[in-house]
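Chain by chain, the residues run as shown.
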Amino acid sequence: MKGKIMRHVVSLCGGATVALLLTSCNPTAGATEYEVIYPSGYSRDSHAYDKKSPIEGSSCYLQWEEADDYKKTYNYDIHILDENGSVLYEYPDMGSKAMRGSVWEDGKTWVCAEHWTAPHHNGYVEGWLKESDLLLIDLSGGEILFQDKAGENEFYITSNGTRCYFYLPGKEESEKLFGLIKIPAENAVIYYRDTSDWTQKHTVYTFDYVAEPDIDTSDGVLTRIKFYISENQLKVAWTSYESVGNGDWEYLEKKAYEIPLAENAFQ
């Protein structure tokens, strides 16, 4: 009997060890994921590995290609394709494997090439965004009308005219100089940058949380923020991936925020 008990204890310890090892091998475990849903129904999340993605509001597509010197630089090129898949324009060393595009007006297209560092995901995991490249391209001739960068964890959502909107996670309270200086917490926000002065951040909405709102995700295995883009509004929905019975799982909405944007975002 004693031997059976010991074997059972060893088995439990072994299982716990494996679980710990699996967790330690996945540094993104427990992190909130993002998903962007466009008016057309196209969405982008951490499991989207498509080489080609549609440019919202047009018949064109974005496609990434390894740069000529990829083995040295790990850079990617941007290709813009027409509806038949023919290459219209090429932009060397400006792309990434996570790109999105949407038309503003008269063929002026905003393109965002995101540079994520999250292992086992193609981006869209909170806390793992290194930087993003934003380009405004005229599809009628391929000219780059504007180009700049967004910094660490500044998650690009959408553009409205010359304004680019971002979601920035909050920061917990911290200390410096062994506790002598206390840095207060900062709530999550949405702000925009304008091409007229890209260095300035203009806050549009401040959320009522730092890390996440007061929601019950105890029955879930993954938390995801869904950004629903519509013509004049942004909906930010916190969801939890939970069992709904019969072996089915769904993202259940726990709390949503509806944030008005300026008009004519997709004209």
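Structure: above.
Predicted, not measured: the structure shown is a model, and the values here were computed from it.

Colleague: Can you tell me about the overall build of the protein, naming the residues and giving the values?
Modeller: What the protein contains, in helices and strands, is two helices and 19 strands. In the protein, the share of contacts with a sequence separation of at least 24, taken over all contacts with a separation of at least 6, comes to 48%. Accessible area for the protein stands at about 14,500 Å²; split by element, carbon and sulfur atoms hold 50% of it.

Colleague: Quick one: what's the story with the sheet that holds strand β12 (residues 163-168), residue by residue and with numbers?
Modeller: Taking strand neighbours across the sheet as the criterion, the four strands line up as β11-β12-β15-β16 in an open arrangement whose pairing is antiparallel. Edge positions in the sheet fall to β11 (155-160) and β16 (197-206), since each has one partner strand and no second. Averaged over all pairs of adjacent strands, the angle between their axes in this sheet comes to 30°, without regard to strand direction. Where β11 lies against β12, five bridges are found, and the strand directions are antiparallel. Across the sheet, the residue bridging to Thr158 is Tyr165, located in β12.

Colleague: How would you explain the nonpolar core if you had to name every residue and give the values?
Modeller: In terms of nonpolar packing, the biggest core is built from 27 residues, with Phe155, Tyr167, Ile190, Phe207, Phe227 and Val236 touching the most fellow members. Contributing elements (two or more residues each) for this core: β1 (33-37), β11, β12, β15 (189-194), β17 (220-229), β18 (233-245) and β19 (248-260). Beyond its immediate chain neighbours, meaning those up to four positions away, Phe155 contacts Tyr34, Val36, Arg100, Glu114, Trp116, Tyr124, Leu129, Tyr165, Phe166, Tyr167 and Phe227. Judged by nonpolar contacts, the second largest core, of 17 residues, contains Cys60, Ile80, Ala113 and Leu139.

Colleague: Can you explain a nonpolar patch on the surface? Please cite residues and give values.
Modeller: On the surface, a nonpolar cluster with roughly 330 Å² of combined accessible area is contributed by Leu177, Leu180 and Ile181. In this fold, Leu180 is placed in the loop between β13 (174-176) and β14 (181-183). For Leu180, a relative accessible area of 73% puts it in the exposed group.

Colleague: Outline the packing of aromatic side chains, supporting the account with residue identities and numerical values.
Modeller: Note on aromatic pairs: each is described by the distance of the centres and the angle between the planes. Going through the model one piece at a time under the given rule, you end up with 27 aromatic pairs. On the basis of an interplanar angle of 80° and a centroid distance of 6.2 Å, the ring pair of Phe166 and Trp198 is categorised as edge-to-face. With Phe166 in strand β12 and Trp198 in strand β16, this pair connects stretches of sequence that are 32 residues apart. You can call Trp198 buried: its relative accessible area is 7%. Taken together, the aromatic side chains of Tyr34, Trp116, Tyr124, Phe155, Tyr167, Tyr205, Phe207, Tyr209, Phe227, Trp238 and Tyr257 make up a single cluster linked through ring pairs. Over the ring of Trp64 we find Lys51, and its NZ or CZ is 5.3 Å from the ring centre. A cation over an aromatic ring shows up here: Lys235 above the ring of Tyr228, its NZ or CZ 5.3 Å from the ring centre.

Colleague: Which residues make up the pairing of strand β3 (residues 52-56), and what values do they have?
Modeller: Bridging between β3 and strand β4 (residues 61-66) involves three bridges; their strand directions are antiparallel. Note that in β4 the partner of Ser53 across the bridge is Leu62. Adjacent in sequence and paired antiparallel, β3 and β4 are bridged by four residues, among which Gly57 carries a positive phi angle near 85°. By the bridge criterion, two bridges tie β3 to strand β7 (residues 98-105) in an arrangement that is parallel.

Colleague: Tell me what's going on with the pattern of salt bridges, and back it up with residues and numbers.
Modeller: Scanning the entire structure with this criterion turns up 12 salt bridges. Two residues, Arg224 and Glu35, come together in a salt bridge whose shortest N-O distance is 3.0 Å. Of the two residues, Arg224 sits in strand β17 while Glu35 sits in strand β1, which places them 189 residues apart along the sequence. You can call Arg224 buried: its relative accessible area is 3%. Here Lys254 ties to Glu242 by a salt bridge, and the two come within 3.0 Å at their closest N and O atoms. Here Lys254, found in strand β19, pairs with Glu242, found in strand β18; they are 12 residues apart in sequence, far enough to count as distant. Lys254 gets classed as partly exposed once you look at its relative accessible area, which sits at 32%.

Colleague: Run through the environment of Ser196, naming residues and quoting values.
Modeller: Positionally, Ser196 belongs in the loop between β15 and β16. Ser196 sits 33 residues away from Arg163 along the chain, and the two C-alpha atoms are 9.0 Å apart.

The rules behind these values
Residues numbered from 1 in each chain as written. Predicted model: local features only at pLDDT ≥ 70, side-chain atom pairs only at ≥ 80, totals over all residues. Heavy atoms only, no water. Helix = DSSP H or I, 4+ residues; strand = E, 2+ residues; numbered from the N terminus. Contact = heavy atoms within 4.5 Å. Areas by Shrake-Rupley, 256 points an atom, 1.4 Å probe, with all protein chains shown as cover. Pairing = 2+ DSSP bridges. Axes fitted to C-alpha atoms, helices over the stretch in contact; angles between N-to-C directions. Core = buried A, V, L, I, M, F, W, Y, C linked by side-chain atoms within 4.5 Å. Buried < 20%, exposed > 50% of the residue type's maximum accessible area, 1.4 Å probe, protein only. Patch = residues over 30% accessible without salt bridge, like charges linked within 9 Å, V, L, I, M, F, W, Y side chains within 5 Å. Salt bridge = Lys/Arg side-chain N within 4 Å of Asp/Glu carboxyl O. Phe/Tyr/Trp six-rings, centres within 6.5 Å; stacked < 30°, edge-to-face > 60°. Lys NZ or Arg CZ within 6 Å of the ring centre and 35° of its normal.

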